[in-house]
Every structure is written in C-alpha cells, then in structure tokens.
Amino acid sequence: QKEVEQNSGPLSVPEGAIASLNCTYSDRGSQSFFWYRQYSGKSPELIMSIYSNGDKEDGRFTAQLNKASQYVSLLIRDSQPSDSATYLCAVNMGYSTLTFGKGTMLLVSP
Amino acid sequence: DTGVSQDPRHKITKRGQNVTFRCDPISEHNRLYWYRQTLGQGPEFLTYFQNEAQLEKSRLLSDRFSAERPKGSFSTLEIQRTEQGDSAMYLCASSLGWEQGANYGYTFGSGTRLTVV
C-alpha cells in the first residue's frame with residue numbers, strides 16, 4: 001500500500017527558531033510533492049510544492065526533496081506563533097490524486 | 001469569491017438518514033476531488049472527476065457513497081443510510097490538470113462537517 005509517513009508531533013519550537021518538518025513516502029516513482037498547512041477546524045491550505053531534487057525557497061519556507069531517500073522536508077525560518085498549525089505532506093503517487101500523511105502539529109511558543 | 005465553495009458547512013443527521021453535500025470548484029479547474037478527514041488523520045481520498053467523468057473511486061468507499069458531476073461544473077456527494085462512522089469533515093478540492101509531467105496542487109473548500117447522531 002502506498003503510504004506517506006509523518007511524525008504526528010507536536011513539534012514545539014520557540015518563536016524565532018527554525019522548525020523542521022519531515023515526511024517519507026513509499027512510492028519511488030512519485031513525481032510531485034506538496035506541503036499544506038491546516039489550522040484547527042479549517043481546511044488545508046497549500047503553502048509549498050516541489051518537483052525536483054534539492055531545495056525550493058519561498059519567503060520563510062524552504063521545501064527540500066531527496067527522491068533517492070524518498071524524503072521531503074519543510075523548514076520554517078523565524079517561526080511565529082501564527083505558524084502553529086498542523087502541516088500535511090502530500091505526494092502524487094500516480095497520475096491523478098494526492099496521498100496525504102497524517103500531519104505534524106507544530107506549536108510555536110512566544 | 002473565486003475559491004472552492006462547499007455547502008452546507010455543517011450537517012447534523014440521524015443515523016439511517018441520507019445526506020447530500022454540494023461543491024462548486026474554481027471555474028477554470030477541470031479536476032474535482034472529494035476527501036474525508038477525521039480528527040488526527042490526514043485527508044483520505046474518496047473519489048475524483050475530470051470534467052463530468054468520474055475517473056477514480058477509493059476501494060475503501062462503501063456503496064452507500066455516490067458522487068456526481070453532471071455538467072462538469074459543481075459536484076454532489078451523497079451518503080445513504082448514514083452511520084456514526086461517517087461522521088467526519090468532507091473536503092472538496094479542485095485543480096488544474098497535468099502539465100509537463102507535474103501535477104498541480106489542490107485548492108480545498110472550507111469543508112462540510114458531518115455529525116451522525
């Protein structure tokens with residue numbers, strides 16, 4: 001069964017620190033990778049996508065992909081209390097749909 | 001508002017009743033997806049449309065669940081004879097299609113929270 005694995009957390013970091021969120025996936029042929037942020041009681045919001053090995057930066061967010069290790073991560077620099085949410089890793093393991101992990105809860109303390 | 005719209009936002013129903021949810025995708029998106037999410041879990045795939053064609057349906061999906069997208073625009077998800085285990089957030093998402101070997105991420109609606117009592 002094709003799976004996406006995330007540590008459920010919570011991951012607790014102080015304000016201003018770097019938060020590192022990790023994700024592994026089972027399908028070596030996966031092509032597209034996404035990070036979603038989900039606040040409690042709300043729907044997921046797309047924050048990053050990455051398709052090629054290496055790093056992709058967007059503001060305070062950096063997505064990292066290593067297809068050989070089947071590993072994708074999200075770094076959040078200068079973490080803010082407003083970043084406190086659940087972060088979902090999603091992987092395209094076939095042509096049509098995304099498979100989501102269970103998410104990692106991030107808590108940023110002031 | 002050009003986002004994905006879902007209706008209703010909340011639904012409380014008695015066990016055994018039928019419920020129907022509606023989703024209006026972003027107008028230029030030809031793909032529409034239904035997912036279900038329970039507390040502490042990630043979204044679980046239910047079914048997917050490209051235009052009006054239902055191209056994929058989860059093998060885990062009970063026969064009590066049916067979805068339609070009759071004109072390739074809005075979609076409905078119906079659950080017949082609801083059970084307490086159906087209580088969840090039902091998420092609709094839409095996306096552009098495949099291009100240059102990469103798939104676009106989804107845009108989710110606000111979801112419909114179903115409670116079966």
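This section reports on the structure supplied with the text. (Residues numbered from 1 in each chain as written. Chains lettered and ligands numbered in written order. Predicted model: local features only at pLDDT ≥ 70, side-chain atom pairs only at ≥ 80, totals over all residues. Heavy atoms only, no water.)

A few points about the overall build of chain A
Let me state the cut-off plainly: Each helix is a run of H or I in the DSSP string that is no shorter than four residues. Each strand is a run of E no shorter than two, and both are numbered from the N terminus. Three exposure classes are used, based on accessible area relative to the maximum for each residue type with a 1.4 Å probe and protein chains only: buried under 20%, partly exposed in between, and exposed over 50%. Two residues form a contact once any of their heavy atoms are found within 4.5 Å. Shrake-Rupley sampling with a 1.4 Å probe provides the accessible areas, and residues are treated as covered by the protein chains on show and by no other component.
In terms of helices and strands, chain A carries zero helices and eleven strands. Listed N to C, the secondary structure of chain A is β-β-β-β-β-β-β-β-β-β-β in terms of helices and strands. Here chain A holds 110 residues, and the buried ones make up 46% of them. Looking at chain A alone, contacts between residues at least 24 apart form 54% of all its contacts between residues at least 6 apart. Only carbon and sulfur atoms are counted for the fraction: they give 48% of the accessible area of chain A, which is about 5,100 Å².

As for the pattern of salt bridges
All names here are of chain B. Operational definition: Salt bridge, as used here, is a side-chain nitrogen of Lys or Arg placed within 4 Å of a carboxyl oxygen of Asp or Glu.
As enumerated under the stated definition, the model contains seven salt bridges over all chains in all. Arginine 22 is the salt-bridge partner of aspartate 24, the closest N and O atoms lying 2.7 Å from each other. For arginine 22, a relative accessible area of 34% corresponds to the partly exposed category. The closest approach of N and O atoms between arginine 36 and glutamate 44, which form a salt bridge, is 3.3 Å. On the accessibility criterion, arginine 36 (15% relative accessible area) is buried.

Here we look at the environment of glutamate 44 of chain B
All names here are of chain B. Positionally, glutamate 44 belongs in strand S5 (residues 44–50). Taking the relative accessible area as the measure of exposure, glutamate 44 reaches 29% and is therefore partly exposed. Sequence separation of glutamate 44 and leucine 91 is 47 residues, and the distance between their C-alpha atoms is 9.3 Å.

A closer look at the sheet that holds strand S3 (residues 19–24) of chain B
Residue and element names in this part refer to chain B. Put simply, the test is: We treat two strands as partners when DSSP finds at least two bridges between them. Fitted lines through C-alpha atoms give the axes, limited to the stretch in contact for helices. The angle between two N-to-C directions lies from 0 to 180 degrees.
The sheet built from four strands is open, its strands ordered S1-S3-S8-S7 with antiparallel pairing. Lying at the two open borders of the sheet, with one neighbouring strand each, are strand S1 (5–7) and strand S7 (65–68). Looking at each pair of strands side by side, their axes are set apart by 15° on average, direction ignored.

Considering the state of the cysteines
Every disulfide links exactly two cysteines, by a covalent bond between their sulfur atoms. Residues and elements named next belong to chain B. As a reminder of what qualifies: By definition, disulfides here are pairs of cysteine sulfur atoms that lie within 2.5 Å.
Using the criterion set out here, one finds two disulfides over all chains in the structure. A sulfur-sulfur distance of 1.8 Å marks the disulfide that ties cysteine 23 to cysteine 92. One quick way to see it: the torsion about the S-S bond of cysteine 23 and cysteine 92 is about -70°, and its sign makes the bridge left-handed. Of the two residues, cysteine 23 sits in strand S3 while cysteine 92 sits in strand S9 (residues 88–95), which places them 69 residues apart along the sequence. This pair shows no difference in class: cysteine 23 is buried, exactly as cysteine 92 is.

Any functional reading would require information beyond the geometric quantities listed.
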